[in-house]
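# Structural description and commentary
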Amino acid sequence: YNCITLWLAATGRKPQNGPNPDWEKKVTEYFREKLKENNAVNWVPSLNDVPLHYLKPNSLVKFRCMVQDMFDPEFYMGVYETVDSNSKARVSHFGKYRDAAECGPHQEIDLNSSQMVTSERQTFYCVPVPGESAWVKEISFFQARVSPSTSYTPSRHKRSYEEDEDMELHPSKQKEQHLGNVGDIHGYGEPKRLETEASAGHQMITPNCSPPLDLNFPLPGEKGPACLVKVIYESWDSFKVNDILEVYGVLSVDPVLSIANSKERENSSSPLAPVECMETVEEQRVHSPPASLVPRIHVILAQKLQHINPLLPACLSEQESKSFVSSFMLELSPVRAELLGFLTHALLGDSLAAEYLILHLISTVYARRDVLPLGKFTLNLSGCPRNSIFTEHVYRIIQQLVPASYHLLMTIENMNRSRFIPHKDYTANRLVSGVLQLASSTSLVIDETLLQQGQLDTTGVHNVTALGNLITWQKVDYDFSYHQMEFPCNVNVLITSEGRSLLPSDCQVHLQPQIIPPNMEEYMNSLLSAVLPSVLNKFRIYLSLLRMLDYSISEEVTKAVEEDFVEMRKNDLESITADDLHRTLLVARFLSLSAGQTTLSRERWLRAKQLETVRKARLQQQKCINGNEL
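Overview of the structure. Residues take numbers from 1 onward in each chain, read along the sequence in its written order. The predicted nature of this model means local features are confined to residues of pLDDT at least 70 and side-chain atom pairs, given and counted, to a pLDDT of 80 or more, with totals for whole chains, interfaces and linings taken over all residues. Water and hydrogen atoms were dropped before computing side-chain values, which therefore reflect all heavy atoms in the structure.

Summing up its helical and strand segments, the protein chain has 21 helices and 19 strands in all. Should any heavy atoms of two residues lie within 4.5 Å, those residues are considered in contact. In the protein chain, the proportion of contacts linking residues at least 24 apart, taken out of those at least 6 apart, comes to 77%. When the accessible surface of the protein chain is summed, it comes to about 30,000 Å², and 52% of that surface belongs to carbon and sulfur atoms. Numbering of helices and strands starts at the N terminus; helices are DSSP runs of H or I of at least 4 residues and strands are runs of E of at least 2. Accessible surface area values rest on a Shrake-Rupley calculation with a 1.4 Å probe, where residue burial reflects the displayed protein chains alone.

A few words on the packing of helix 19 (residues 555–571) against helix 21 (residues 602–626). One way to put it is that helix 19 packs onto helix 21 with a least axis distance of 11 Å and a crossing angle of 30°. Compared by their axis directions, helix 19 and helix 21 come out roughly parallel. In the packing of helix 19 onto helix 21, the handedness of the crossing is right-handed. Listed contacts from helix 21 to Ala560, Val561, Asp564 and Met568 of helix 19 are Arg602, Trp605 and Lys609. Only the contacting stretch of a helix is used when fitting its axis, a line to C-alpha atoms as for every element, and angles between N-to-C directions run 0 to 180 degrees. Each angle gets one of four labels, with under 35 degrees taken as roughly parallel, over 145 as roughly antiparallel, 65 to 115 as roughly perpendicular, and the rest as oblique. Should the near helix be turned counterclockwise from the far one by less than a right angle, the crossing is left-handed, whereas a clockwise turn marks it as right-handed.

What follows is about helix 14 (residues 390–399). Most of helix 14 sits out of view: seven of its ten residues are buried. Burial in helix 14 covers these residues: Phe390, Thr391, His393, Val394, Tyr395, Ile397 and Ile398. Turning to helix 14, the residues buried within the fold contact helix 12 (332–346), helix 13 (351–361), strand 12 (405–409), strand 15 (443–447), strand 18 (492–496) and helix 17 (520–530). Only protein chains enter the accessibility calculation, which uses a 1.4 Å probe; a residue is then buried when its area is under 20% of its type maximum, exposed when over 50%, and partly exposed in between.

The next thing to look at is a nonpolar patch on the surface. A cluster of nonpolar residues, Val371, Leu372 and Trp473, forms a patch on the protein surface that exposes about 270 Å² of accessible area. Relative to the elements of secondary structure, Val371 occurs in the loop between strand 9 (367–369) and strand 10 (372–374). Like charges are joined within 9 Å and nonpolar side chains (Val, Leu, Ile, Met, Phe, Trp, Tyr) within 5 Å, but only among residues with over 30% relative accessible area and no salt bridge; these make up the patches. The rule for a salt bridge is simple: a side-chain nitrogen of Lys or Arg has to be within 4 Å of a carboxyl oxygen of Asp or Glu.

Let us look at the packing of helix 14 against helix 17. Put simply, helix 14 and helix 17 touch, their axes get as near as 10 Å, and they point 10° apart. Accordingly, the angle class assigned to the pair helix 14 and helix 17 is roughly parallel. Between helix 14 and helix 17, the contacting residues are Phe390, His393, Arg396 and Ile397 on the first element and Met520, Glu521, Met524, Asn525, Leu527 and Leu528 on the second. Three classes are used: nonpolar for Ala, Val, Leu, Ile, Met, Phe, Trp, Tyr, Cys and Pro, charged for Asp, Glu, Lys and Arg, and polar for all others, with Gly counted as polar. Per-class residue counts for the contact of helix 14 with helix 17 are six nonpolar, two polar and two charged.

Don't take any of this as a statement about function, it's just geometry.
Structural data, given as C-alpha cells:
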C-alpha cells in the first residue's frame, strides 16, 4: 500500500491549500502507534532481507543499517501547486516523502505560487551493519519475510541482492537476461510497465559509467543493499557517522532518479534537474546512483540501536525488558559454566585461555577519561599454531556468538594493499570507507600467525599504525587530506599469534593445548554441531547482555584493593606495576559481570588476582623455555 495514502484515509484528512505545521508530527505519531499494535514491526518488510524488486514503490519499509557517510543537506518543495494548462485549476501537493514532484498530464508546477514552501532534509548514505553475523540476519528477518504471492511481484524471476548487483555492474549479463525473458515480461500489466522503466534507467546509466559503481561497503565481500536515507531537519542532529539505525519510512525508487547523464538532466522536465545540475559528474554518480541499486527511504521513524542482537529487547530500560533481564539472571551461573566448557574445547582444552576469552567478549568501552578509553580489553592469544587453520576455526566459533565480527588476515600483502582508514574523496564529495569503519561492539579477530618476513610500504605502515591506535585509544583517524579527524570507536580486538604480538594489547595469554586433534576441521565442526540451538542462543544473550550492565566499586572495597596493592608492591616491588593494578581491576570487573554481579566483592578480587598470577607464571615459564621474551 501507499503508506501516506493509508494515513490520509485513516485520519480522514486531505491536503489543504497551504502548509499544515502539525501534519508531519501527526504522520509520525500515527505510525509510531500503529507499529506498537500486534507486534506490527514484524510484518513491515525489511530491505535487509526482501529483494528490492519485490517491494512496492511508496510502501512502508524498514532498514537496519550503519551510517557510512553524510551528504550535504538538500532543499525540496515541501508544499507546491500545480496548474492545469487547460482548466487553470490549481491543486496543492505535499513534497515530503517524495524525490520527484507529482505532476499529471497538462499540469505544470507554479514555481511562483504563494503556497510554495521550501523545506530542508539531510541525506545519510547507509549500508548494512558491517560484519553482521548470519544468525542475526536469520533470527531478525525470519518473521518479516514477504511472500511473493502477497507482495508486489514484478515479472522477472526472483534474484538475490548479489545477483542484482552483478547485473548492475555487468550490463552485458543484464542485457542477456532481458532478452531471454521477453516472452515472460509481456505477460503482465503494471509490473511490466515498472520493470520496463527500471530497465530503461539501467540502460541510460550504463554507457556513462565506465567504472562500476562502488557501493562503499567498509568490509570486502559484503552483500546487501546500500540506501540513501533522507531525514527531516529536526531529526538529523541526533545521528552521526557509524551509528547503527533502524529506520521506518517510505520507499522511493522513482525511475527518474536513475538519470545520471547531466545532458539528459538538462533536457529533462523533472523538477530534480535545476538542483542536480549543480553537481559534478563524479558527485552525481555517487549522490544520485540508480534507484534500482541504491533505493531511497524517506524516514518516518528512526531510532539509534543500542545493539543488534535480535534475542534481546531493543531497549533494556523499559519495564518489560527489566523482567526479561531478571529472568535470565536466574540461570546465569549454569550458562556461564556451559560457555566456559564450550570455549575450553574450542581452545583445545585450555580453561585459562577460555576464562580470559569470556572476559574479552563481554568487555566494552564504558567511559572515556580525557583520551583514555576505559573498559577496553584487547586480548593477545599467543602460542597459536603457525600457518594453521586454528585461528580460522576460533573465528568461526566467535562468529556464532557475537552479532558482528570480522576476521583480518595480517599478511604483508594485506597490510600493503588494503584500505584500512576511511578518507574523504573531494572530487566525488564522499567519505570512502575502510576496513576500520566498524560499528560499535564489533569483534575484530586479527590473525598474526600468517605474518612472514617482508617489507611494509607506506600504506602498510599507515595501516599497522591505524591498528595500533584502534587498540590503544579506541579511535580511528579518518583522512580528510588537509587534516585528520578522530572518530571514537568501541571494537573488541582479539589477536592470535605464535609469539608475543607485534601489536599492542591489554592482556597476553599463552595458549597451552591439552588436546591435539588429528583433524582440526572435523574437531571444530563436531564441537559446533554438538551445541543445541537453544544453548547457543543463551550464550549469545549472555555475552550481549553483560556488556550493557552497569558496574560500580564501593568505597570499602576500593580501600581494601588499595591496601592489597600496597602489600603486593612490598612483597614484589620490581614486577608489580601500576599497569598490573589496572589490568587486575579490569579482570575483576569482567569476572564480576560474568557472574551477574554489578559490584566488586572481595571474593571476585581474590579470584582476579589468582587468574593473573597463573597467567603471568605461564608467560614466565614459556619465556624460560624459549630463552627470550614472548
